[in-house]
Amino acid sequence: MTKTVLEVKNLWVEYPARRGVVQAVRGVSFDLCQGETLAFIGESGSGKTTLGLALVRLLPKSARVRQGNILFYQNGRVQDVLALSQEDLRQFRWRDCAMVFQGAQNSFNPVLRVESQFYDTARAHGMTGTAHVKQRAIDLLRMVQLDPNRVFRSFPHELSGGMRQRVLIALGLLLQPQVIILDEPTTALDILTQRSIIEVLRKLKKELDFSLIFISHDLSLAAELADRVATVYAGTIVEIGGVYDIFERARHPYTQALTHSVPTVTGDLRDLTSIPGSPPDLIVLPPGCAFHPRCPFATQRCKEQEPPLEPVGEGQFAACWNWREAMNKT
Amino acid sequence: MATQAISTSLAPQKRTSLKVYFWRVANNYVLRRVIKALATIFVVITVTFFIIRLMPSNPVDIFIQEQMALYNSSYQEARDRAAALFAIDLTAPVTQQYLDYMGNLLRGDLGKSYRSQGAGVADIIKQFLPWTLFSVGTALFISFTLGVALGMVMAYRRETPLDYVLSTFASLVSSIPNYLIAIIIIVTFGSQLRILNIAQMRGSISPGVQPGFTLKFIGDVLYHAALPIFVYVLTTIGSWMLAMKSSTVATLEEDYVTVARARGLKDSRIMTSYVGRNAALPLFTQLAISIGFVVGGSVLIETIFVYQGIGQQLLKAINQRDYPVMQGIFLIITVAVVFANLLADLLYGRLDPRIRVGSEETK
Ligand SMILES: Nc1ncnc2c1ncn2[C@@H]1O[C@H](COP(=O)(O)OP(=O)(O)O)[C@@H](O)[C@H]1O
Ligand SMILES: [Mg+2]
């Protein structure tokens, strides 16, 4: 039986705004097992970044975690992330859970060399002795297919976007965290660079033992990396399951619409059906199921009651009143 | 020597390499900047030379008026004395005067004052400039370091009462002219409350105090410079605070600061090396330019507090239309400002690795 390393229970995050309260994360629950890759996919603005930030408590000051639990399990020890003291939280970040942000192009301090930023990180977590840190950094840089001799002493601006992204991934692995969160790690990179980053991640996953949360709006990338996939709509998980099930046997109409608009794992190209309608307004959500205004299977019930996540297959859950109808239609 | 022997046998190749070398020198960033600086200085000297002479009245007339008013002498008497005193020919064509001046300048001769018993302009500058450098320089140092520190505090504590208080203070003091603050200090603390003995604080040192590395001398120098320094700091600190605050607020939004937090770095480390260092970068150009203006000091402040610096000398020279002294002081100010700018440019490349590329020769 695989160990659970992260457990999120009924997490709610909101941003008070002038027009009202933005409900960015609404009752998200999931588990993450050791060594597993879980992908969160959904349109931009659906709350994926907010969820990631909440896991390491790096939400903007204006954000409020209204409810929920985030539990990290490590060596038989449980850490309640939302209850950590400032100092414990500082230690927890990057050592137990590293988060690589969306748009990593500016993730490095422009006035410090790459090596200083590695040493800084190590020192902050009590790793002294530069020789040891340097050796590990160089090993990691090699693993992400960079030339350590060139990169380690460089300034960030001397590296290309793809190189910076790889350096950041290497830096993320420096302290051997149990969980790494990658938020859109390939956006803003060209297609070839995207591919090589994905290759690097697959290789790292094979060689090192860490769990990965992979956030993306790009399903094809998720398909290549993930063990399980969760589709997020309007701040909530609408379907979660094994990667094969999600791509081949999606039960939720939103997941179906998403998977229909990309080439599948097996490579056959389905016709691109874009999802009609516009993404929901997270301040004034539609009553009932948030997806109902765009859903081809919507019934009266969908407009009144919000559906819970329910089992729809082996380890697969969907939040839809009409998933059986949706299943038969495809 | 060996290279020479080889190069003679390879004469044509040497010529091309010389050409390459020439282009490399011509393209050299530092060299280009130095040439530009020298050109700027030349233009400013020329323009001030003519503008000074376009000012109404002239040294002789002013001397005559002074003599008539002071000694109640007749116009004729005053004229004769002036003619004896001014061994210069102000009737020579201005272009001739200009060429003479430039010629002397190239030989390093700044000329002599028309007044002050014909003292050399260089000697006057040597005597009065150090006091200004000391007072304004100290003030600039205090103002910059304190302003940057307070600006960061404001940014970190933005939207708190402390921020409101400091912001209000900063915009208030930076909008009041410095001479007004100087006068207010003299009137309230000097004349009304009688806390400060303004008369005693005049000058640069007290009579009878021997210069030297003694506590007494240093204390006395600080005592006399205290009021000018205080006024300079008070009137310049606000803009440093506000500039640093907005720069810090912008830097705090940068991705790398959030990432530094995600990396679990200590707040102190983030504040100094990640936020502070990047936020202060744009202020260094401003600082270098201010250093240039240190030389000019503040004409009004030195005059109000009767502080014997170069600014006071400049005002005196202007009132007497003492062309060589004016010209000399303007020259020093110009050189200081231009070279401070040059230094800022070159230094900025040292501080910000992203600029360093531009300052390197084209490879
Ligand atoms: N700092 C913030 N203040 C207010 N609203 C925010 C803030 N950050 C994100 N949001 C809102 O929260 C919602 C979710 O955003 P985000 O988590 O970035 O989504 P995603 O990563 O899926 O694109 C969006 O509607 C966005 O406008
Ligand atoms: Mg996002």
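Computed from a prediction, not measured in an experiment: that's the story for all the values here.

So, a nonpolar patch on the surface
Residue and element names in this part refer to chain B.
Link 1 in the chain: On the surface, Y179, L180, I183, I184, V187 and L300 cluster together into a nonpolar patch covering about 480 Å² of accessible area.
Link 2 in the chain: Among the elements that line the nonpolar patch, the one with the most residues is helix α9 (residues 178-192), at five residues.
Link 3 in the chain: Examined against the element boundaries, Y179 turns out to sit in helix α9.
Link 4 in the chain: For Y179, a relative accessible area of 34% translates into the label partly exposed.

Points about the domain arrangement of chain A
Residues and elements named next belong to chain A.
Link 1 in the chain: Along its sequence, chain A is carved into domain 1 (4-226) and domain 2 (236-328).
Link 2 in the chain: Taking only C-alpha atoms, the centre of domain 1 and the centre of domain 2 are 27 Å apart.
Link 3 in the chain: Together domain 1 and domain 2 conceal approximately 1800 Å² of surface at their shared face, both sides included; 64% is due to carbon and sulfur atoms.
Link 4 in the chain: Three residues stand out in domain 1 for area buried against domain 2, namely R26, E43 and L219, and they jointly supply 38% of the buried area on that side.

Overview of the packing of helix α7 (residues 121-156) of chain B against helix α11 (residues 215-252) of chain B
Each pair of packed helices can be summarised by the angle the axes make with each other and by the distance between the axes.
Residue and element names in this part refer to chain B.
Link 1 in the chain: Running from N to C, α7 and α11 cross one another at 35 degrees; their axes reach a closest spacing of 5 Å. As α7 packs across α11, the resulting crossing turns out to be right-handed.
Link 2 in the chain: For the contact of α7 with α11, the per-class residue count stands at 27 nonpolar, seven polar and one charged.

Some details on the packing of aromatic side chains
Link 1 in the chain: One pass over the structure, following the stated rule, counts 14 aromatic pairs over all chains.
Link 2 in the chain: When the centroid spacing of 5.3 Å and the interplanar angle of 80 degrees are considered together, the rings of F49(B) and F50(B) count as edge-to-face.
Link 3 in the chain: F50(B) gets classed as partly exposed once you look at its relative accessible area, which sits at 29%.
Link 4 in the chain: Taken together, F49(B), F50(B), Y98(B) and Y101(B) form an aromatic cluster joined through their ring pairs.
Link 5 in the chain: The ring of F210(A) carries K205(A) above its face, with NZ or CZ at 5.3 Å from the centroid.
Link 6 in the chain: The ring of F49(B) has R53(B) sitting right over it, with the charged end atom 3.7 Å from the ring centre.

Here we look at the interface of chain B and chain A
Link 1 in the chain: Contacts between the two partners involve 21 residues from chain B, matched on the other side by 23 residues from chain A.
Link 2 in the chain: Between chain B and chain A, the buried area comes to about 2100 Å², and carbon and sulfur atoms account for 61% of it.
Link 3 in the chain: At the surface where chain B touches chain A, the tally comes to one salt bridge.
Link 4 in the chain: In this structure, D120(A) and R269(B) form a salt bridge, with 2.9 Å as the shortest nitrogen-oxygen distance.
Link 5 in the chain: Where chain B packs against chain A, one counts 10 residue pairs in polar contact (both at pLDDT 80 or more).
Link 6 in the chain: Of all elements in the fold, only α12 (255-262), α13 (267-294) and α17 (353-359) of chain B reach the threshold of two or more residues within the side of chain B that touches chain A.

Focus on the packing of helix α8 (residues 161-175) of chain B against α11(B)
Residue and element names in this part refer to chain B.
Link 1 in the chain: Where α8 meets α11, the closest approach of the two axes is 7 Å, and the angle between their N-to-C directions is 130 degrees. By the angle class used here, α8 and α11 are oblique. Seen along the crossing, α8 lies across α11 with a hand that is left-handed. Note on element contacts: α11 touches α8 through L234, T235, I237, G238, S239, M241, L242 and K245, opposite D163, L166, S167, F169, A170, S171, V173 and S174.

Quick notes on the sheet that holds strand β5 (residues 77-80) of chain A
Residues and elements named next belong to chain A.
Link 1 in the chain: Read from one edge of the open sheet, four strands run β2-β1-β4-β5, paired in antiparallel fashion. Two strands in the sheet have a free side with no partner beyond their single neighbour: β2 (21-33) and β5. Averaged over neighbouring strand pairs, the angle between their axes works out to 10 degrees when direction is ignored.
Link 2 in the chain: Examined bridge by bridge, strand β4 (residues 64-74) and β5 share four bridges and lie antiparallel to one another. The residue bridging Q74 from the neighbouring strand is R77, located in β5.
Link 3 in the chain: Running over the sheet, helix α1 (residues 48-55) touches β1 (4-16), β2 and β4 and is turned about 120 degrees from β1.

Here we look at the pattern of salt bridges
Link 1 in the chain: Scanning the model with the defined rule gives 21 salt bridges over all chains in all.
Link 2 in the chain: For E224(A), the salt bridge identified is with R202(A), shortest N-O distance 3.5 Å. Taken as a pair, E224(A) in helix α8 (residues 219-225) and R202(A) in helix α7 (residues 191-207) lie far apart in primary sequence, 22 residues in all.
Link 3 in the chain: Judged by its relative accessible area of 36%, R202(A) is partly exposed.
Link 4 in the chain: Salt-bridge contacts for D345(B) lead to R33(B); the nearest nitrogen and oxygen are separated by 2.8 Å. Here R33(B) lies in helix α3 (residues 29-54) and D345(B) lies in helix α16 (residues 323-351), a separation of 312 residues in the sequence.
Link 5 in the chain: Residue D345(B) is classed as partly exposed on the basis of its relative accessible area of 29%.
Link 6 in the chain: Using a relative accessible area of 15% as the deciding quantity, one classes R33(B) as buried.
Link 7 in the chain: Here the salt bridges do not stand alone but share partners, grouping R195(A), E199(A), R202(A) and E224(A) into one network.

The rules behind each value
Residues numbered from 1 in each chain as written. Chains lettered and ligands numbered in written order. Predicted model: local features only at pLDDT ≥ 70, side-chain atom pairs only at ≥ 80, totals over all residues. Heavy atoms only, no water. Patch = residues over 30% accessible without salt bridge, like charges linked within 9 Å, V, L, I, M, F, W, Y side chains within 5 Å. Areas by Shrake-Rupley, 256 points an atom, 1.4 Å probe, with all protein chains shown as cover. Salt bridge = Lys/Arg side-chain N within 4 Å of Asp/Glu carboxyl O. Helix = DSSP H or I, 4+ residues; strand = E, 2+ residues; numbered from the N terminus. Buried < 20%, exposed > 50% of the residue type's maximum accessible area, 1.4 Å probe, protein only. Domains from an automatic or database assignment. Buried area = accessible area lost by both parts, 1.4 Å probe. Axes fitted to C-alpha atoms, helices over the stretch in contact; angles between N-to-C directions. Left-handed = near helix turned anticlockwise from the far one by under 90°. Nonpolar A, V, L, I, M, F, W, Y, C, P; charged D, E, K, R; others polar. Phe/Tyr/Trp six-rings, centres within 6.5 Å; stacked < 30°, edge-to-face > 60°. Lys NZ or Arg CZ within 6 Å of the ring centre and 35° of its normal. Contact = heavy atoms within 4.5 Å. Polar contact = N/O pair within 3.5 Å; in protein donor to acceptor, adjacent residues only side chain to side chain. Parallel < 35°, antiparallel > 145°, perpendicular 65-115°, else oblique. Pairing = 2+ DSSP bridges.

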